[in-house]
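Listed here are the chains, written in short residue letters.
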Amino acid sequence: MTKVLDGKVALVTGAGTGIGAACARALAGAGAAVACTSLPTDPYQQVVDSIVAAGGKAIGVPLNVTDPQQAQEVVDRVAAELGGLHILLNNAGITDDQLIIRMKPESWRKVLGVNLDGVFNVTQPAVKVMMKQRTGCIISISSVVGLMGNAGQSNYAASKAGIIGFTKSLARELGSRNITVNAIAPGYIQTPMTDRLTEEQRKALLAGIAIPRLGTPEDIANVVLFLASPAASYISGEVINVSGGLYM
Ligand code: NAD
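Residues numbered from 1 in each chain as written. Predicted model: local features only at pLDDT ≥ 70, side-chain atom pairs only at ≥ 80, totals over all residues. Heavy atoms only, no water.

(A) Spatial organisation of the overall build of the protein chain. When helices and strands are tallied, the protein chain shows 9 helices and 7 strands. In terms of overall dimensions, the protein chain is globule-like: its C-alpha atoms have a radius of gyration of 17 Å, near the 18 Å expected for 248 residues. If one aligns the C-alpha atoms of the protein chain with their principal axes, the spans along those axes are about 50 × 35 × 35 Å. When contacts within the protein chain are restricted to residue pairs at least 6 apart in sequence, those whose partners lie at least 24 apart make up 73%. With the model as given, the accessible surface of the protein chain reaches about 11500 Å², and the carbon-plus-sulfur share is 55%. A distance of 5 Å separates the average location of the 20 positive side-chain charges in the protein chain from that of its 18 negative side-chain charges. (Helix = DSSP H or I, 4+ residues; strand = E, 2+ residues; numbered from the N terminus. Rg over C-alpha atoms; globule rule 2.2 N^0.38 Å. Contact = heavy atoms within 4.5 Å. Areas by Shrake-Rupley, 256 points an atom, 1.4 Å probe, with all protein chains shown as cover. Lys, Arg positive; Asp, Glu negative; His and termini not counted. Charge placed at Lys NZ, Arg CZ, Asp CG, Glu CD.)

Here's what the structure looks like:
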(Lines give C-alpha, C1' and ligand atoms only; values in the text may rest on other atoms or scores of the structure.)
Protein backbone atom coordinates (compact mmCIF):
# COMPACT_ATOMS: atom_id res chain seq x y z
CA MET A 1 0.00 0.00 0.00
CA THR A 2 1.44 3.41 -0.87
CA LYS A 3 1.77 5.92 1.95
CA VAL A 4 1.57 9.69 1.80
CA LEU A 5 5.26 10.29 2.63
CA ASP A 6 6.76 7.38 0.68
CA GLY A 7 10.11 8.43 -0.84
CA LYS A 8 10.50 11.41 1.51
CA VAL A 9 13.33 11.93 3.97
CA ALA A 10 12.74 13.69 7.29
CA LEU A 11 15.15 14.98 9.93
CA VAL A 12 13.83 15.52 13.46
CA THR A 13 15.84 17.32 16.15
CA GLY A 14 15.34 16.40 19.80
CA ALA A 15 13.80 13.13 18.62
CA GLY A 16 14.51 11.01 21.71
CA THR A 17 11.57 12.03 23.89
CA GLY A 18 8.18 13.76 23.99
CA ILE A 19 6.93 15.57 20.91
CA GLY A 20 10.03 14.82 18.81
CA ALA A 21 9.76 11.06 19.39
CA ALA A 22 6.02 11.03 18.57
CA CYS A 23 6.60 13.05 15.39
CA ALA A 24 9.47 10.81 14.27
CA ARG A 25 7.25 7.75 14.69
CA ALA A 26 4.34 9.41 12.88
CA LEU A 27 6.49 10.55 9.94
CA ALA A 28 7.96 7.04 9.62
CA GLY A 29 4.48 5.53 9.87
CA ALA A 30 3.46 7.69 6.91
CA GLY A 31 6.33 6.28 4.84
CA ALA A 32 9.19 8.76 5.36
CA ALA A 33 12.75 7.65 6.10
CA VAL A 34 13.50 9.47 9.34
CA ALA A 35 16.79 10.68 10.78
CA CYS A 36 16.21 10.79 14.53
CA THR A 37 18.73 13.21 16.01
CA SER A 38 19.35 14.46 19.51
CA LEU A 39 21.96 14.90 22.23
CA PRO A 40 24.13 11.77 22.60
CA THR A 41 22.68 11.24 26.09
CA ASP A 42 19.08 11.10 24.78
CA PRO A 43 17.25 7.83 23.99
CA TYR A 44 16.80 8.57 20.28
CA GLN A 45 18.18 5.14 19.34
CA GLN A 46 15.15 3.58 21.08
CA VAL A 47 12.90 5.60 18.79
CA VAL A 48 14.88 4.37 15.78
CA ASP A 49 14.57 0.77 16.99
CA SER A 50 10.81 1.06 17.49
CA ILE A 51 10.39 2.52 13.98
CA VAL A 52 12.47 -0.24 12.40
CA ALA A 53 10.62 -2.92 14.44
CA ALA A 54 7.34 -1.54 13.05
CA GLY A 55 8.68 -1.95 9.49
CA GLY A 56 9.72 1.69 8.96
CA LYS A 57 13.01 3.26 7.94
CA ALA A 58 15.07 5.32 10.39
CA ILE A 59 18.62 6.11 11.41
CA GLY A 60 19.90 7.68 14.61
CA VAL A 61 22.48 10.46 14.52
CA PRO A 62 23.79 12.45 17.50
CA LEU A 63 23.26 16.17 17.02
CA ASN A 64 23.61 19.03 19.46
CA VAL A 65 21.78 21.83 17.63
CA THR A 66 23.94 24.50 19.27
CA ASP A 67 26.92 23.36 17.17
CA PRO A 68 26.61 24.79 13.63
CA GLN A 69 29.43 22.67 12.19
CA GLN A 70 27.91 19.49 13.55
CA ALA A 71 24.52 20.53 12.16
CA GLN A 72 26.04 21.02 8.70
CA GLU A 73 27.76 17.61 8.86
CA VAL A 74 24.62 15.81 10.05
CA VAL A 75 22.41 17.38 7.38
CA ASP A 76 24.92 16.43 4.68
CA ARG A 77 25.26 12.89 6.04
CA VAL A 78 21.50 12.37 6.24
CA ALA A 79 20.96 13.69 2.71
CA ALA A 80 23.72 11.41 1.36
CA GLU A 81 22.64 8.29 3.30
CA LEU A 82 18.87 8.56 2.95
CA GLY A 83 18.63 10.28 -0.44
CA GLY A 84 17.88 13.98 0.10
CA LEU A 85 16.07 15.95 2.79
CA HIS A 86 12.41 16.84 2.27
CA ILE A 87 11.08 17.49 5.78
CA LEU A 88 12.92 19.27 8.59
CA LEU A 89 11.28 19.30 12.00
CA ASN A 90 13.00 21.76 14.35
CA ASN A 91 11.79 20.37 17.65
CA ALA A 92 14.71 20.49 20.11
CA GLY A 93 14.03 22.94 22.90
CA ILE A 94 14.64 23.66 26.57
CA THR A 95 13.30 25.83 29.36
CA ASP A 96 15.17 27.53 32.20
CA ASP A 97 12.49 29.57 33.93
CA GLN A 98 13.12 32.54 36.15
CA LEU A 99 11.54 35.92 36.80
CA ILE A 100 13.44 38.66 34.96
CA ILE A 101 14.90 40.21 38.11
CA ARG A 102 16.55 36.89 38.97
CA MET A 103 17.41 35.67 35.49
CA LYS A 104 21.10 35.13 34.92
CA PRO A 105 22.54 36.13 31.54
CA GLU A 106 23.70 32.49 31.14
CA SER A 107 20.11 31.30 31.45
CA TRP A 108 19.00 33.78 28.77
CA ARG A 109 21.82 32.73 26.44
CA LYS A 110 21.35 29.01 27.06
CA VAL A 111 17.64 29.03 26.14
CA LEU A 112 18.10 31.32 23.13
CA GLY A 113 21.13 29.24 22.10
CA VAL A 114 19.22 25.97 21.88
CA ASN A 115 15.74 27.18 20.92
CA LEU A 116 16.59 29.89 18.39
CA ASP A 117 20.26 29.62 17.34
CA GLY A 118 19.67 25.86 17.13
CA VAL A 119 16.85 26.38 14.64
CA PHE A 120 19.07 28.60 12.50
CA ASN A 121 22.01 26.17 12.71
CA VAL A 122 20.04 23.22 11.33
CA THR A 123 17.76 25.09 8.96
CA GLN A 124 20.52 26.84 7.00
CA PRO A 125 22.24 23.66 5.74
CA ALA A 126 18.83 21.99 5.24
CA VAL A 127 17.68 24.87 3.04
CA LYS A 128 20.73 24.42 0.82
CA VAL A 129 19.76 20.79 0.19
CA MET A 130 16.08 21.66 -0.31
CA MET A 131 16.88 24.48 -2.75
CA LYS A 132 18.88 22.07 -4.93
CA GLN A 133 16.00 19.58 -4.81
CA ARG A 134 13.52 22.39 -5.50
CA THR A 135 11.19 21.01 -2.87
CA GLY A 136 11.03 20.93 0.90
CA CYS A 137 9.05 21.48 4.05
CA ILE A 138 10.35 23.12 7.22
CA ILE A 139 8.33 22.91 10.42
CA SER A 140 9.49 24.45 13.69
CA ILE A 141 7.97 23.89 17.10
CA SER A 142 7.27 27.27 18.65
CA SER A 143 4.86 27.65 21.59
CA VAL A 144 1.74 29.59 22.53
CA VAL A 145 4.06 31.23 25.06
CA GLY A 146 5.79 32.91 22.10
CA LEU A 147 2.42 34.47 21.20
CA MET A 148 0.94 35.30 24.60
CA GLY A 149 3.99 35.54 26.90
CA ASN A 150 4.28 33.86 30.27
CA ALA A 151 5.54 35.25 33.56
CA GLY A 152 8.84 33.59 34.44
CA GLN A 153 9.56 32.54 30.86
CA SER A 154 10.86 35.70 29.18
CA ASN A 155 13.84 33.82 27.72
CA TYR A 156 11.69 30.94 26.45
CA ALA A 157 8.96 33.27 25.12
CA ALA A 158 11.55 35.39 23.28
CA SER A 159 13.04 32.28 21.68
CA LYS A 160 9.65 30.95 20.60
CA ALA A 161 8.52 34.36 19.28
CA GLY A 162 11.84 34.51 17.40
CA ILE A 163 10.96 31.24 15.67
CA ILE A 164 7.77 32.84 14.38
CA GLY A 165 9.58 35.80 12.77
CA PHE A 166 12.17 33.42 11.34
CA THR A 167 9.43 31.18 9.92
CA LYS A 168 7.54 34.00 8.22
CA SER A 169 10.73 35.47 6.71
CA LEU A 170 11.85 32.10 5.33
CA ALA A 171 8.36 31.44 3.95
CA ARG A 172 8.75 34.63 1.88
CA GLU A 173 12.33 33.78 0.83
CA LEU A 174 11.70 30.18 -0.12
CA GLY A 175 8.16 30.01 -1.50
CA SER A 176 9.37 30.42 -5.08
CA ARG A 177 11.66 27.39 -4.52
CA ASN A 178 8.69 25.20 -3.64
CA ILE A 179 9.68 25.10 0.03
CA THR A 180 7.00 25.64 2.68
CA VAL A 181 7.93 26.98 6.11
CA ASN A 182 5.54 26.82 9.04
CA ALA A 183 5.49 26.80 12.82
CA ILE A 184 3.35 24.95 15.31
CA ALA A 185 2.52 26.58 18.63
CA PRO A 186 1.64 23.87 21.15
CA GLY A 187 -0.14 24.68 24.39
CA TYR A 188 0.60 22.42 27.35
CA ILE A 189 1.55 18.96 26.14
CA GLN A 190 2.17 15.94 28.35
CA THR A 191 5.95 15.39 27.95
CA PRO A 192 9.09 15.34 30.12
CA MET A 193 9.04 19.16 29.81
CA THR A 194 5.66 19.45 31.58
CA ASP A 195 6.26 16.51 33.97
CA ARG A 196 8.05 19.10 36.11
CA LEU A 197 4.76 20.94 36.84
CA THR A 198 3.39 20.60 40.36
CA GLU A 199 -0.17 19.31 40.89
CA GLU A 200 -1.21 22.83 41.87
CA GLN A 201 0.28 24.36 38.69
CA ARG A 202 -1.41 21.65 36.63
CA LYS A 203 -4.85 22.42 38.15
CA ALA A 204 -4.42 26.15 37.55
CA LEU A 205 -3.43 25.49 33.94
CA LEU A 206 -6.37 23.22 33.16
CA ALA A 207 -8.75 25.95 34.34
CA GLY A 208 -7.57 28.11 31.43
CA ILE A 209 -7.86 25.51 28.67
CA ALA A 210 -11.13 25.27 26.71
CA ILE A 211 -10.59 21.52 26.20
CA PRO A 212 -9.65 20.76 29.82
CA ARG A 213 -6.77 18.34 29.39
CA LEU A 214 -3.11 18.52 28.53
CA GLY A 215 -2.38 17.76 24.90
CA THR A 216 -0.57 14.60 23.83
CA PRO A 217 2.56 14.46 21.69
CA GLU A 218 0.37 12.76 19.08
CA ASP A 219 -1.87 15.88 18.94
CA ILE A 220 1.23 17.72 17.65
CA ALA A 221 2.37 14.85 15.42
CA ASN A 222 -1.00 14.90 13.61
CA VAL A 223 -0.43 18.52 12.57
CA VAL A 224 3.20 17.84 11.60
CA LEU A 225 1.98 15.03 9.35
CA PHE A 226 -0.58 17.31 7.72
CA LEU A 227 1.96 20.12 7.13
CA ALA A 228 4.45 17.61 5.68
CA SER A 229 1.87 16.12 3.32
CA PRO A 230 0.98 17.30 -0.21
CA ALA A 231 -2.42 18.38 1.22
CA ALA A 232 -0.62 21.35 2.82
CA SER A 233 1.40 22.43 -0.23
CA TYR A 234 -0.32 25.87 -0.35
CA ILE A 235 0.22 26.60 3.36
CA SER A 236 3.33 28.61 4.25
CA GLY A 237 4.28 31.24 6.83
CA GLU A 238 1.60 30.00 9.22
CA VAL A 239 1.65 29.46 12.95
CA ILE A 240 -0.81 26.73 13.86
CA ASN A 241 -1.89 26.71 17.49
CA VAL A 242 -2.47 23.27 18.95
CA SER A 243 -3.46 24.30 22.44
CA GLY A 244 -6.96 22.99 23.12
CA GLY A 245 -8.14 26.60 23.08
CA LEU A 246 -5.64 27.82 25.67
CA TYR A 247 -4.71 30.54 23.21
CA MET A 248 -7.19 31.79 20.64
P1 NAD B 1 11.32 17.20 25.77
O2 NAD B 1 12.19 17.75 26.83
O3 NAD B 1 10.83 15.80 25.87
O4 NAD B 1 11.99 17.34 24.32
C5 NAD B 1 13.00 18.23 23.96
C6 NAD B 1 14.13 17.43 23.36
O7 NAD B 1 15.14 18.32 22.88
C8 NAD B 1 14.78 16.52 24.41
O9 NAD B 1 14.94 15.23 23.89
C10 NAD B 1 16.11 17.20 24.65
O11 NAD B 1 17.11 16.36 25.09
C12 NAD B 1 16.38 17.77 23.27
N13 NAD B 1 17.42 18.79 23.33
C14 NAD B 1 17.67 19.67 24.31
N15 NAD B 1 18.76 20.41 24.03
C16 NAD B 1 19.20 19.98 22.82
C17 NAD B 1 20.29 20.33 22.00
N18 NAD B 1 21.18 21.29 22.36
N19 NAD B 1 20.45 19.69 20.82
C20 NAD B 1 19.60 18.72 20.44
N21 NAD B 1 18.55 18.31 21.18
C22 NAD B 1 18.37 18.94 22.38
O23 NAD B 1 10.08 18.20 25.69
P24 NAD B 1 8.94 18.36 24.58
O25 NAD B 1 7.79 18.91 25.32
O26 NAD B 1 8.77 17.16 23.75
O27 NAD B 1 9.54 19.56 23.71
C28 NAD B 1 9.68 19.52 22.31
C29 NAD B 1 9.50 20.92 21.75
O30 NAD B 1 8.16 21.34 21.99
C31 NAD B 1 10.40 21.97 22.41
O32 NAD B 1 10.88 22.87 21.43
C33 NAD B 1 9.45 22.69 23.34
O34 NAD B 1 9.86 24.00 23.62
C35 NAD B 1 8.17 22.62 22.55
N36 NAD B 1 6.95 22.83 23.32
C37 NAD B 1 6.60 21.95 24.31
C38 NAD B 1 5.43 22.19 25.02
C39 NAD B 1 4.95 21.26 26.12
O40 NAD B 1 3.99 21.60 26.80
N41 NAD B 1 5.56 20.11 26.33
C42 NAD B 1 4.64 23.31 24.74
C43 NAD B 1 5.04 24.16 23.73
C44 NAD B 1 6.19 23.91 23.03
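What follows continues from the structure just given.
(B) Up close: a nonpolar patch on the surface. The grouping of Leu 99, Ile 100 and Ile 101 at the surface amounts to a nonpolar patch, some 350 Å² of accessible area in total. Following the sequence through the fold, Leu 99 ends up in the loop between strand E4 (87-90) and helix H4 (105-133). The exposure class of Leu 99 is partly exposed, given its relative accessible area of 41%. (Patch = residues over 30% accessible without salt bridge, like charges linked within 9 Å, V, L, I, M, F, W, Y side chains within 5 Å. Salt bridge = Lys/Arg side-chain N within 4 Å of Asp/Glu carboxyl O. Buried < 20%, exposed > 50% of the residue type's maximum accessible area, 1.4 Å probe, protein only.)

(C) Quick peek at the site of the ligand. Within the structure, the ligand sits among 29 residues, and Thr 17, Asp 42, Asn 91, Tyr 156 and Thr 191 are positioned closest to it. Within the contact set of the ligand, an oxygen atom lies 2.6 Å away from a side-chain nitrogen or oxygen of Tyr 156. In this structure, an oxygen atom belonging to the ligand sits 3.3 Å away from a main-chain N or O atom of Gly 187. Here the ligand is seated within the largest pocket. Among the elements of the structure, helix H1 (18-29), helix H6 (154-174) and helix H7 (192-195) are those that each provide at least two residues to the shell around the ligand. (Near = heavy atom within 4 Å. Polar contact = N/O pair within 3.5 Å; in protein donor to acceptor, adjacent residues only side chain to side chain. 1 Å grid on protein atoms, 1.4 Å probe; cavity = no way out; pocket = protein on both sides within 12 Å on 5 of 7 lines; lining within 4 Å. Sits in = over half its atoms within 2 Å of the grid points.)

(D) Seen up close, the packing of H1 against helix H2 (residues 44-53). Axis separation between H1 and H2 bottoms out at 10 Å; the angle between their running directions is 25°. If you check the angle between H1 and H2, you find them roughly parallel. Handedness of the crossing formed by H1 with H2: right-handed. Contacts from Ala 21, Ala 24, Arg 25 and Ala 28 of H1 reach H2 at Val 47, Ser 50 and Ile 51. Here the contact of H1 with H2 is built from residues that sort into 5 nonpolar, 1 polar and 1 charged. (Axes fitted to C-alpha atoms, helices over the stretch in contact; angles between N-to-C directions. Parallel < 35°, antiparallel > 145°, perpendicular 65-115°, else oblique. Left-handed = near helix turned anticlockwise from the far one by under 90°. Nonpolar A, V, L, I, M, F, W, Y, C, P; charged D, E, K, R; others polar.)

(E) A look at the nonpolar core. Judged by nonpolar contacts, the single largest core of 36 residues is most densely connected at Leu 27, Val 34, Cys 36, Ile 139, Ile 184, Ile 220 and Val 224. Ranked by residue count, the leading element in this core is H1, at 8 residues. Ignoring anything within four residues of it in the chain, the contact list for Ile 220 reads Ile 19, Cys 23, Ile 141, Ile 184, Pro 186, Ile 189 and Val 242. By size, the runner-up hydrophobic cluster in this structure holds 29 residues, among which are Ala 35, Val 65, Val 75 and Ala 92. (Core = buried A, V, L, I, M, F, W, Y, C linked by side-chain atoms within 4.5 Å.)

(F) Spotlight on unusual backbone geometry. Although it is not a glycine, Arg 134 adopts a positive phi angle of roughly 60°. Looking at the secondary structure, you find Arg 134 in the loop between H4 and strand E5 (136-141). Its identity as a non-glycine residue notwithstanding, Asn 178 has a phi of 65°, on the positive side. Inspection of the secondary structure assignment puts Asn 178 in the loop between H6 and strand E6 (179-186). A residue is classified by how much of its surface remains accessible, and Asn 178, at 47% relative accessible area, is partly exposed.

(G) Examining the pairing of E6 more closely. In terms of burial, E6 is largely enclosed, as 8 of its 8 residues are buried. Sheet topology places E5 next to E6; 6 bridges connect them, and they run parallel. When the bridges of E6 are listed, Ile 138 appears paired with Val 181. Of the pairings in the sheet, the one linking E6 to strand E7 (residues 239-242) comprises 4 bridges and is parallel in character. Across the sheet, residue Ala 185 finds its bridge partner in E7, namely Asn 241. (Pairing = 2+ DSSP bridges.)

Fair warning: the whole summary comes from geometry, so function is off the table for now.
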